[in-house]
Amino acid sequence: MGHGNTSTYPWGPEDICPGGLILPILDERLWPIKVRVVVYLFTLLYFLLGISIVADVFMTAIDKITSHTKKVYLAKELTANGSDVSLRPDQPEVIEVRIWNPTIANLTLMALGTSSPEILLSIIETVGHHFEARKLGPNIIVGSAAFNLLIITSLCTLTLGLNEKRRIHDLKVFLVIGAFSFFAYIWLLLIIEVISPNVIELWEAAATFMLFPILMIFAYATDKNWCGKDTEHNTHQLDLSSFEDQNGTKKQLILKNGKIDKDNLIKFVKNVKQYSGITDADAAKLAATKLINSTHHGAMWYRIGAVRRFTGGKQIEPILEDHLKQVYDVIQKNGEIGYDTLNHMPPTFSQNEETKYAVLEFHAPTIAVKENIGKFPVTIWRHGNLNTKAIVRVDSINGTAKEGEDFVKVKEVVEFKENEEEKEIFIELIDDNKWEPDEEFFLRMSVVHHKDLSVKLGSISIMEVTIIDNDEPGIISFGKRGLLVKESTGFAEVPIVRTHGSDSEVSVKWKTIDESAISGRDYVGGEGEIIFKDKEVAKVLKIEIINDMCPEKDECFEIKLFGATGGAKIGNVNRIAITISSDDDFDSVVDRLMLLTNINIHALELHRQTWAEQIKTAMTVNGGDLNNATTLTYVLHFFSFFWKVIFAFIPPAAVFSGWLRFVTSLTLIGVMATIIGDLATIFGCLIGLDDAVTAITIVALGMSLPDILGACMVTRAETHADEAMIHIAGSIAVKVLMGVGLPWFIAALYHYLNGDLFKVPSTRIGFNVLLYSVMAILAVTVLMVRRNVEFFGKAELGGPKKGRYITVAILISLWVIYLSLTCFQTF
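Structural notes, computed from the coordinates. Note that the structure is a prediction, hence the values are computed from the model and not measured.

Thresholds applied
Every chain's residues receive numbers from 1 upward, in the order its sequence appears when written. Side-chain atom pairs in this predicted model are given and counted only at pLDDT of 80 or more, local residue features only at pLDDT of at least 70, and totals for whole chains, interfaces and linings cover all residues. Just so you know, side-chain values use all the structure's heavy atoms and leave hydrogens and water out. Starting at the N terminus, helices and strands are each numbered in turn, a helix being any DSSP run of H or I of at least four residues and a strand any DSSP run of E of at least two. Relative accessible area decides the class of each residue, using a 1.4 Å probe on protein chains only: under 20% of the type maximum gives buried, over 50% gives exposed, and in between gives partly exposed. Two residues qualify as a contact provided that any one of their heavy atoms is within 4.5 Å of a heavy atom in the partner residue. The Shrake-Rupley method, run with a 1.4 Å probe, gives the accessible areas here. Residue values count only the displayed protein chains as cover. In this analysis the probe radius is 1.4 Å and the grid spacing 1 Å, with only protein atoms considered; a cavity is a set of points the probe fits into but cannot get out of, a pocket is an open set with protein on both sides within 12 Å along at least five of seven lines, and lining residues have an atom within 4 Å of a point. Grid points are joined across faces, edges and corners, and a volume is the space filled by probe spheres set on the points. When DSSP finds two or more bridges between two strands, those strands count as paired. The axes used here are C-alpha line fits, helices contributing only the stretch in contact, and every angle between their N-to-C directions lies in the interval 0 to 180 degrees. Here the angle decides the label: under 35 degrees means roughly parallel, over 145 means roughly antiparallel, 65 to 115 means roughly perpendicular, and every other value means oblique. By definition, turning the near helix anticlockwise from the far helix through less than a right angle yields a left-handed crossing, and turning it clockwise yields a right-handed one. Just so you know the grouping, Ala, Val, Leu, Ile, Met, Phe, Trp, Tyr, Cys and Pro go in nonpolar, Asp, Glu, Lys and Arg go in charged, and all remaining residues, Gly too, go in polar.

1. Thoughts on the overall build of the protein chain
At step 1: A tally of regular secondary structure across the protein chain gives 19 helices and 28 strands.
At step 2: The burial tally for the protein chain puts 51% of its 827 residues in the buried class.
At step 3: Counted over contacts in the protein chain with a minimum sequence separation of 6, partners at least 24 positions apart contribute 75%.
At step 4: In the form shown here, the protein chain has an accessible surface area of approximately 38100 Å², with 59% of it arising from carbon and sulfur atoms.

The structure is reproduced here in C-alpha cells:
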C-alpha cells in the first residue's frame, strides 16, 4: 500500500487520492468521482453502524467482567442491650457485593468500551503508517471530546421534562476527572508547542500515557473519601447499604443476594393480583419490570440499550402491554400497595401518608342520569389531610356518548379550601329528542401540581356516567350469586348494583353470616351500610380474607342485604356466597411465578449464554419480541442485519467469564476502525476536505451517536446527573490519555530505538487542542454557574425553561465557533 501522495497501484497512473492501510481493494481509478464519493460516503456510514454494534458486543463483555461479585458475611441484626451491642444468635446472612469499584470500572473498562473505536483507530493509524504522526486519529479524539462536552451536554439538558433537573451528586469525583481531562489537553499543548516544538520525546510520551493510571488513583481516592468530608453515595442494588433506606427501614427487595427472594415475591404478587384481570404471567412480568427498573444501571447499560434501539435489536428495557403499563404506573406512583384507578379499588395509605396527603376522588364509580335532566351535580370527596388547600382538574372523555352531541365538554378546576370535605361540579346533558340506546361517557380526575400542596388521587379517579331514561329509586341486589376467591388474594370484591332506576339517595345494610368460614379466623366480617347517592348505580364492598398460609379445605361464608331506604327495594339476589378456595398448591404456584419471573429477567439480560441464543436473537426482529416490534423496528433490523449476524459468532460472555468475548470483540473493533480510517481519509480527499475536518465532523459525529442516545436515556432515568456527566468527563480523559498517549508512546519508543525523533507538526493538532481547551474552560464555567444560580435551577442539567435554553444556546455556540475556527485553520 502506498502512503503520502503515491499511488495505491503497482501499475498505471497515480490515483487522485492516497490509499490507506487496507483500502482501496478494487481498481477504481476510472470510476467517476461522484460515484466514488457516494460509494465511500454510504460505506463509511454503514461501517459506523457496524462499529456501534460490535462496540455493543464489547461492552456486554465488560459488563460481564465488572459484574463479578464476592460473598460478604454479616449478622442479620444488631440489638442494643444497655450500653452493650450484641449480635443475635442467628445464622449469619450472606450477601454479594461487586468486586469492581464503580469509579474505577467507569474509568477503565467502561470508558474504554465507549471510546475503543477512536482509541484503536489512533493506535492502528500511527503504527500502520510507519510510526509517523497522522491527522485523523488525534483530531477524531479532540473533535469527539468537544462534541461530547458541548453537544451531548446540551441534548441531556433538553431531554428532561419541563422544570425537571439533574444535579451532580459526587461533585468531587466529577471535578477530579474533569481537571485531569483539562490538564491532559494542556499537557498535549505544552509538549507540542513549548517544551519540544514539533517533536515528541520519549519521556513526554511516557508521561502522557502515565497520566492515565495516575488519574485512576486520584479518582479512586476521591471516591473512597481518603481526604475531605464523606459524600453519601447513591445506593446500588448490590451495595451493603441497599438493604436499608435512609430512615433505617428494611427494604423488601424482590432480588436478594443475586436471586429472587421468595417471600418478597409473594408479597409483591399478592398486591399486584388485587388488580382485576392480572394473570400469573402478567404478575411475573410486572415483577421482572419492577426489578429491572429499581436496579441501578450505569451509563454503559443505557448506551447498549441505545445501540439496540436504533438497530432493531433486543431491547434491554421492559416493554409492557397497555393494561399492564397502567397497573405498573399506579404501582410506581402509589407504592407496591397501590390501588387500581380503573377498577375502583380503594387506596391503602400508611398513617404518615394519610396525614400528609389530601386524597381526592369521586364519591361513586358509576352514576346514571336521564337524558332530559339538563344539569346534574357530581360530588368530589376529599379525605386524608384536611388542613391544607387542594386543587384537582376534572375532564370529560368520550365513550359511546360524544361531547357536543350528548353532553357539554367538561374541563373544570376544583379547589378545596382548608377543612372542606366535599365539592360539587355540575355536568350538562344535551337532549336531542331522538331515541337512542343507553350511552356513557367518563369523567377523569387529575392532580394540579403545586409545590406547596400535597395531593393524591383516591381509588375512584374515573367516573362512568350512563345516560338513560329512568326515574325510579331502583332495585338493589348483588351483581352475582356466588364468588370464588383464593385464600391468598387478600380481599374479596363484592359487586352491589342498583337497577331499574337511580333517582334520589338510597341506602342498604349488609352483614356477613358465618358458615364453614369463621369471621376473625378466615375473614374479617361484620356489618355496615352502603349509600347510593342520586344517580349512582354501582358500589363495591370489600371483605378482607385472612391468609394463614396453612393447607385446609375450601370454606365459605355469606353476605346478606337488608333494610333498603329511600324507596329502593331489595332485589332477588339479596344473598351471596363467598367461597374461600384452599391454597394447597400454593408452593407450586409460587415456584411457577419464580420461574416466569426468571424467564422475563433472562429475556432482558444484556448478553446471551450460548452461540445458538446469540444467533437466534441477532436474526430475529427486536430479538424475537415480535409483539412489540414496530415498522421502524423492522426497517432498522433490515439495515443492521448483516452486522448483527456476523458479530453473533463472537464467543458468548459466559465463556471464560467474558474475557474471550472482550479480546475477540476488541480485535474486530480494531479491524473496523482501520477500515473506517481508510474510508474517512479517501472520502475527505475525494470531496476536498482535510483529514482534520473529516475527523471532527463526520467520523466524530458517527462514533458519538450511541453516546448521545445513551446519555439522554441515563439522564432521564437516573435521579442525579453523575452517570451522564462523570461518564462524559471520564471518556474525554480516557480518549486523550489512551488514544493519544499510547500511540505516541509506541511511536516515540520506536524512533528512539532507531536513533530518530518522533515528529508531530504542531499545525496539525496544536491549534485544535488549544481551541478545545478554551471551549472546555468556558463550558465547565457555564455548568458551575448553573449549579449555583437559582435562575438555572441550581443544577447542571435541565431546570427552568429560560435557563436551559440559554445554556443550550451558549454550548452550541461554542461548538459552532470551535468547528468554524478548526475548519478555517485547515484552509
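2. Describing unusual backbone geometry
At step 1: Across the junction of Leu23 and Pro24, the peptide omega takes the value 0 degrees, indicating a cis bond.
At step 2: Among the secondary structure elements, Pro24 is positioned in the segment before α1 (33–66).
At step 3: Here the phi dihedral of Asn198 falls at roughly 65 degrees; this positive angle occurs in a residue that is not glycine.
At step 4: With respect to the secondary-structure elements, Asn198 resides in the loop between α4 (171–195) and β6 (199–200).
At step 5: A relative accessible area of 35% places Asn198 in the partly exposed class.

3. As for empty space enclosed by the protein
At step 1: According to the stated counting rule, one finds 6 cavities of 30 Å³ or more in the structure shown.
At step 2: The volume enclosed by the second largest cavity comes to roughly 100 Å³.
At step 3: Together, 13 residues line the second largest cavity, and Ala299, Asp707, Ala711, His727 and Ile728 are the ones closest to its centre.
At step 4: At the level of secondary structure, the elements contributing two or more residues to the lining of the second largest cavity comprise α3 (136–159), α8 (299–309), α15 (691–717) and α16 (722–739).
At step 5: In terms of residue count, the dominant contributor to the lining of the second largest cavity is α16 (5 residues).

4. Focus: the sheet that holds strand β20 (residues 491–501)
Within a sheet, adjacent strands bond to each other through the backbone by hydrogen bonds, running parallel or antiparallel.
At step 1: Reading across from one edge, β13-β12-β15-β17-β10-β23-β20-β18-β25 is the order of the 9 strands in this open sheet, with mixed pairing throughout. Strands at the two margins of the open sheet, each flanked by one partner only, are β13 (411–416) and β25 (569–570).
At step 2: Two strands pair when backbone bridges link them, and strand β18 (residues 473–478) and β25 are joined in this way by 2 bridges, in the parallel orientation. Within β25, the residue paired with Ile475 across the bridge is Lys569.

5. Things to note about the sheet that holds strand β14 (residues 422–428)
At step 1: On the basis of which strands lie adjacent, the open sheet formed by 4 strands has the order β14-β11-β9-β16 and mixed pairing. Looking at which strands have only one partner, the edges of the open sheet turn out to be β14 and β16 (455–457). Put simply, the sheet's adjacent strands are angled 30 degrees from each other on average, direction ignored.
At step 2: Sheet analysis places strand β9 (residues 358–362) next to β16, joined by 3 bridges and oriented parallel. Each residue of the ladder has a partner; that of Ala358, found in β16, is Val455.

6. Topic: the environment of Asn574
At step 1: Mapping Asn574 onto the fold places it in the loop between β25 and β26 (575–581).
At step 2: By relative accessible area, Asn574 is classed as partly exposed at 25%.
At step 3: Spatially, the C-alpha atom of Asn574 lies 9.5 Å from that of Trp510, the residues being 64 residues apart in sequence.
At step 4: With sequence-adjacent residues up to four places away left out, Asn574 is seen in contact with Phe478, Ile559, Lys560 and Leu561.

7. Quick word on the pairing of strand β10 (residues 366–370)
At step 1: Most of β10 sits out of view: 4 of its 5 residues are buried.
At step 2: Where β10 lies against strand β17 (residues 462–468), 5 bridges are found, and the strand directions are parallel. In the sheet register, Ile367 faces β17, and the bridge partner there is Val465.
At step 3: Sheet topology places β10 next to strand β23 (residues 536–544); 2 bridges connect them, and they run antiparallel.

8. Some points on the packing of α8 against α15
At step 1: Contact geometry of α8 with α15 gives a least axis separation of 7 Å together with a crossing angle of 120 degrees. When the axes of α8 and α15 are compared, the pair comes out oblique. Remark: the crossing between α8 and α15 carries right-handed chirality. Each of Ala299, Tyr302, Arg303, Gly305, Ala306, Val307 and Arg309 in α8 lies in contact with α15, whose residues at this interface are Met703, Pro706, Asp707, Leu709, Gly710, Met713, Val714, Arg716 and Ala717.
At step 2: For the contact of α8 with α15, the per-class residue count stands at 10 nonpolar, 2 polar and 4 charged.

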